Amino acid sequence: MKALCWHGKKDVRYDDVPDPKIEDPRDAIVKVSSCAICGSDLHLFDGFIPTMKKGDILGHEFMGEVVEVGSQLKSSGGKLKVGDRVVVPFTICCGECPQCLRGNWSVCERSNRNKEMADKAFGHATAGLFGYSHLTGGYAGGDAEYVRVPYADVAPLKVDGSLSDEQVLFLGDILPTGWQAAVQCDIAADDTVAIWGAGPVGLFAIQSARLLGAKQVVAIDCVPERLALAKSLGAIPIHFEEESVIDRLQALTHGKGPEKCIDAVGLEAHVSLKHADSLLDRAKQAVMLESDRPHVLREMIYVCRPAGTISVPGVYGGLVDKFPIGPFMQKGLTMRTGQTHVPRWTEALLRMVQEGKFDTTSLITHTVSLKEGPAMFETFRDKKEGCIKVVMKP
């Protein structure tokens, strides 16, 4: 089959690879109908996530048709059968360990095949993820014609034919990620929610914060197309290259600061001449003295209202420098983070999509064949051609 494979920093290729096979009685094979490039995939493309190997199949946003199931799914008349149309969450979950039973799906204790490696890196292993390095299990991803789905009786979401791929594809990652980011904030009716990053996750966080009743939602970015879309979804846009984020947020909140702040940027914060700390971060990153660029975290801690909440759906991979632990502690802030517990949210979010409460299609700016995928990584990263979200068709 054909798949998009990682061959090194900024080197993604459209390769011939072996077809996946059933390896466990709970497996399923899915024929992919649509897949997407996620913003976190750019961290792999840019070489910031360790333990990638040449030939690794990328991709963790995908959906398609079940074409084969393992013996346990066959014999039990299980959740999935051949012919089912499914959206597959990016987190791989066993459904049986203590964390899964608590609904903490992204920290499943069984699905990471490289537990020993992850234990050394993080203290404790987190869940296996599709197409996202050997630190998270080394699973083949979904930017391919076919994918093996482990524990297929647990997380895949069945969808009928009344909704298009484009309407439901993002239920596997960025929609529940934006939703969880907002839910973690415990939004009250008089809250201002400030969201750094108006990419796909940020755009879903905007919609989620509004649905959860925020008084006002603010979107912070420097890409005009993203800010325009954020404004159309009900957010107040701030272009951080044209005005001071801190001054504008102070003005919007009568000097009190936003009660809730969301980092939908992660480890590759924009490097700007206006932000000296971002230049220093980039210099340290270049000589491997720092792995991540945390400008957004610093700015959120500084501007957040005391006793406020910071939610971090943006991916971080390693170590940051100059973290303002003093202001964070003195202001009594709460920070909530983590990969998304996708199955916790999918059923409810599917109903909301069916009811038209989420706009899941307007952020799609590019739809291409899988063969065209390698070139789209750079287009997406550099926001060329007004690129906000890329969907690929194998």
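Heads up: the structure comes first, above all this text.
Given the structure is predicted, the values throughout are model-derived calculations rather than measurements. (Residues numbered from 1 in each chain as written. Predicted model: local features only at pLDDT ≥ 70, side-chain atom pairs only at ≥ 80, totals over all residues. Heavy atoms only, no water.)

A. View of the overall build of the protein chain. Along the protein chain, the regular secondary structure elements total 14 helices and 18 strands. Viewed in the frame of its principal axes, the protein chain has a C-alpha envelope of about 60 × 50 × 45 Å. Buried positions account for 57% of the 394 residues belonging to the protein chain. Summarising the internal contacts of the protein chain: among those between residues at least 6 apart in sequence, 72% fall at separations of at least 24. Accessible area of the protein chain: about 16000 Å², with a carbon and sulfur share of 52%. Positive and negative charge centroids in the protein chain, built from 45 and 50 side chains respectively, lie 2 Å apart. (Helix = DSSP H or I, 4+ residues; strand = E, 2+ residues; numbered from the N terminus. Buried < 20%, exposed > 50% of the residue type's maximum accessible area, 1.4 Å probe, protein only. Contact = heavy atoms within 4.5 Å. Areas by Shrake-Rupley, 256 points an atom, 1.4 Å probe, with all protein chains shown as cover. Lys, Arg positive; Asp, Glu negative; His and termini not counted. Charge placed at Lys NZ, Arg CZ, Asp CG, Glu CD.)

B. Looking closely at the pairing of strand β14 (residues 260-263). What you see with β14 is no split at all: K260 and I262 on one side and C261 and D263 on the other are buried throughout. In this sheet, strand β15 (residues 309-312) lies alongside β14 in parallel orientation, the contact comprising three bridges. When the bridges of β15 are listed, I262 appears paired with S311. (Pairing = 2+ DSSP bridges.)

C. Representation of the state of the cysteines within the structure. Applying the stated criterion across every chain, the model contains zero disulfides. Left unpaired, C261 is separated from the closest cysteine sulfur, that of C304, by 3.9 Å. (Disulfide = S-S within 2.5 Å.)

D. Quick peek at the environment of D16. Within the secondary structure, D16 is located in strand β2 (residues 12-16). According to the relative accessible area criterion, D16 is exposed, its value standing at 61%. Sequence separation of D16 and A3 is 13 residues, and the distance between their C-alpha atoms is 6.6 Å. With near-sequence residues (within four places) excluded, D16 lies in contact with M1 and K2.

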